[in-house]
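# Summary of the model geometry
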Amino acid sequence: MQGVIYKSIEDLVTSAHGAEAWATILRKAGVDDPTFVGMSRYPDELAGRIIGAASGVLGVPAEDIMRAFGRHWTNHTAPTYYGDLMAFAGTSFIEVVSNLDQMHARISLVFPNYKSPSFRCETLGEGKLRLHYRSERQGLGPVVEGMLVGLGDRFSLDVEVVQEKARTDGHDHDQFIVTYKARAGAPG
Amino acid sequence: MATEKNLTFDPAIGDRLFPFHLVLDRELRILHATPVVERLLPSLRVGDALDQVFEAVRPQGPLANITPAQFANTLLILRSRQPQELVLKGQIVPLASRTELVLLASPRVADADEMRRLGLTAADFALHDPISETLVGLQAMRASLMDAELLARRLRQARDDALEASKAKSQFLANMSHELRTPLNAIIGFTDMMVSEIHGKIPGRYAGYLRDVNTSGRHLLDLINDLLDLARIEADRFDLRPSQFAVINMVDECVRFMTPQMQRKALTAEIASPEPSLSIVADERAVKQIVLNLMSNAVKFSKPDGRIDVTVVRESVSGLRITVADGGEGIDPALIPSVFEPFRQGDSHVTRDNEGSGLGLHIASRLAQLHGGTISMQSARGAGTTVALVLPAGSVIDARPAGGEKSP
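To keep things clear, this report deals only with the structure shown in the data block. Treat the numbers as computed from the prediction; the structure is a model and nothing was measured. (Residues numbered from 1 in each chain as written. Chains lettered and ligands numbered in written order. Predicted model: local features only at pLDDT ≥ 70, side-chain atom pairs only at ≥ 80, totals over all residues. Heavy atoms only, no water.)

### A short note on the overall build of chain A
Scanning chain A for helices and strands turns up 6 helices and 4 strands. Across the 188 residues that make up chain A, the buried fraction comes to 45%. For chain A, the share of sequence-separated contacts (at least 6 apart) that also reach a separation of at least 24 residues comes to 59%. (Helix = DSSP H or I, 4+ residues; strand = E, 2+ residues; numbered from the N terminus. Buried < 20%, exposed > 50% of the residue type's maximum accessible area, 1.4 Å probe, protein only. Contact = heavy atoms within 4.5 Å.)

Structural data, given as structure tokens:
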């Protein structure tokens, strides 16, 4: 199902920079076939190549592209492809974040080859939580940040994410402090 | 192990593990409903009779008639009588006290829409409940279908674009070829007249120039005719006009037509056929064009003083086979497929020495296909080339009085 990830990046890039920019990125990343099939598997390293190429072509830091992808995924791709699962995951920000691990575990039961990440949520009081993120893939912290901000959009919340620990700094997992509050002007 | 110690939970834990259960007395009155059931059926009250809240879809008939022992082996399907339709499936079993029963059930959820309509989320289900995996599977299937539809749409669009572009290209070629032929015919016609000196003698040097203009004009006309034929074939506008004709006569005409070119290289042509009176039903002009194309290539690639063999044979399975063989340089067998592609010629150094549009074999091959036939080539460097036109058996007519067997 990694194909959906690449379709999402394609959608993000083409909507903001046009199809030509996406074609250039794929060329730079050495991708011959520009058609990604949603439910197909692709090598993990491909994502790194595409993000790296996108960073070069668009002149945007790779981490910012990953954050933008995370937010785009939650706001556009997931509702399109996995709208029912999103609805099933919960009706509030905290409920969905608390169910992230369960949902990913269930996906890995259905797709045994899917290396699903693991999440653990600690509530730290009203509007604040700590999220522990474990994945076989390193360096995806900014994607998680973007996804949490996108989830805030879904529930009309302003979400701030600070990464406390990162595997890229030698920690055994990534850890985030997440604060969220109702967006000004949003219906209570 | 003492069985009465099994499955005894704190009520709150029981509600979490079996979020859709109801505790009943022996008269099937509801003593307890979980918070999830209460939320889904807000008018349900403790003390209500089970059949007052639910109608039994299965088993049919009054539930009161069923004994506790029978309940344990009976799949119940209960539909709520409230407007918010909730269908529970499960079974009734006695609790350890034996004075109370419990309906252990889960909602029947046919699809994600039903889940959404009921307002159920992951938090409403026990972790051991496989319904979430079912939902993941359904969602994956839906995502795959969306993907397949998108890919099919893109493929259709790409096909339509390609067909449209091909049609436009063919139309352009047809129009241009037609526009170019008109002035060319004038150039060829008038230079013919001038070269033949109908209206007076042309000074020597200019006569030579006029011959060059005439020859170049004819060559250009051949190229344009090739393009026009190709455009017609590709636009499916090449209509075959089948008629019955004697094959040897047609081959003989082709050889005669090629005689001037053959003479320039001192070539001879031999026609051979075990059945000289063979007739076929086909578009004579198209078959003649194929044979002329094959002969033209044979002439081009033959060494001076060489021989071209044209053979006509009837075959029991494949029908009619016309082969044109030359003793020229031949080409690398690996290059054979490319010589049938449009605008391609097999061997670049040979091509440079032999002018042509690179369309002849492609057109011949397409004309053969229009007849349901094929063209194949056998060649090797230094061993000459044999090209075979095969027309289907159905096109061959029984022998009729001999038409002629000739060689120039």
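### Some details on the pairing of strand E8 (residues 268-272) of chain B
Residue and element names in this part refer to chain B. Burial along E8 is one-sided: the face carrying Ala-269 and Ile-271 is buried and the face carrying Thr-268, Glu-270 and Ala-272 is not. Strand direction decides the pairing type here: E8 and strand E10 (residues 307-315), joined by 5 bridges, are parallel. Looking across to E10, one finds that Ile-271 is bridged to Val-310. (Pairing = 2+ DSSP bridges.)

### Some details on the pattern of salt bridges
Residues and elements named next belong to chain A. What the rule picks out here adds up to 33 salt bridges over all chains. Where Glu-45 meets Arg-49, a salt bridge forms, and the shortest distance between an N and an O atom there is 2.9 Å. Of this pair, Glu-45 and Arg-49 both sit in helix H3 (residues 44-58), 4 residues apart, roughly one helical turn. Exposure remark for Arg-49: the relative accessible area of 34% places this residue in the partly exposed category. A salt bridge links Glu-122 to Arg-130, with the nearest nitrogen and oxygen atoms 3.6 Å apart. Residue class for Glu-122 comes out partly exposed when judged on its relative accessible area of 25%. Taken together, the shared-partner salt bridges connect Glu-63, Asp-64, Arg-67 and Glu-145 into one network. (Salt bridge = Lys/Arg side-chain N within 4 Å of Asp/Glu carboxyl O.)

### A look at the sheet that holds strand E2 (residues 128-134) of chain A
All names here are of chain A. If you trace the 4 strands from one edge of the open sheet to the other, you get E1-E2-E4-E3, paired in antiparallel fashion. The open sheet has two free edges, formed respectively by strand E1 (118-123) and strand E3 (157-165), since each of these has just one partner strand. Here the strands of the sheet are splayed against their neighbours by 25° on average, with no regard to which way each runs. Relative to strand E4 (residues 174-182), E2 is paired through 6 bridges, and the arrangement is antiparallel. Across the sheet, the residue bridging to Lys-128 is Thr-179, located in E4. Each of E1, E2, E3 and E4 touches helix H5 (residues 93-110); the most contacted strand, E1, lies at about 150° to it. Strands E2, E3 and E4 of the sheet are contacted by helix H6 (residues 141-154), whose axis makes an angle of about 160° with E3. (Axes fitted to C-alpha atoms, helices over the stretch in contact; angles between N-to-C directions.)

### What about the pairing of E10(B)?
Successive side chains on a regular strand alternate, one facing one side of the sheet and the next facing the other. For E10(B) and strand E11 (residues 319-326) of chain B, the ladder comprises 8 bridges, and the chain directions are antiparallel. Bridge pairing links Ile308(B) to Asp326(B) in E11(B).

### As for the interface of chain A and chain B
Listed per partner, the contact involves 25 residues of chain A and 26 residues of chain B. With both sides pooled, the region where chain A packs onto chain B buries about 2200 Å², and carbon together with sulfur makes up 62% of that total. Summed over the shared surface of chain A and chain B, the number is 5 salt bridges. A salt bridge links Arg154(B) to Glu10(A), with the shortest nitrogen-to-oxygen separation between them at 3.9 Å. Our enumeration of links across chain A and chain B arrives at 13 residue pairs in polar contact (both at pLDDT 80 or more). If you list the elements that add at least two residues to the side of chain A that touches chain B, you get helix H1 (3-17), helix H4 (62-89) and H5 of chain A. Considering only residue class, the side of chain A that touches chain B consists of 12 nonpolar, 8 polar and 5 charged. (Buried area = accessible area lost by both parts, 1.4 Å probe. Polar contact = N/O pair within 3.5 Å; in protein donor to acceptor, adjacent residues only side chain to side chain. Nonpolar A, V, L, I, M, F, W, Y, C, P; charged D, E, K, R; others polar.)

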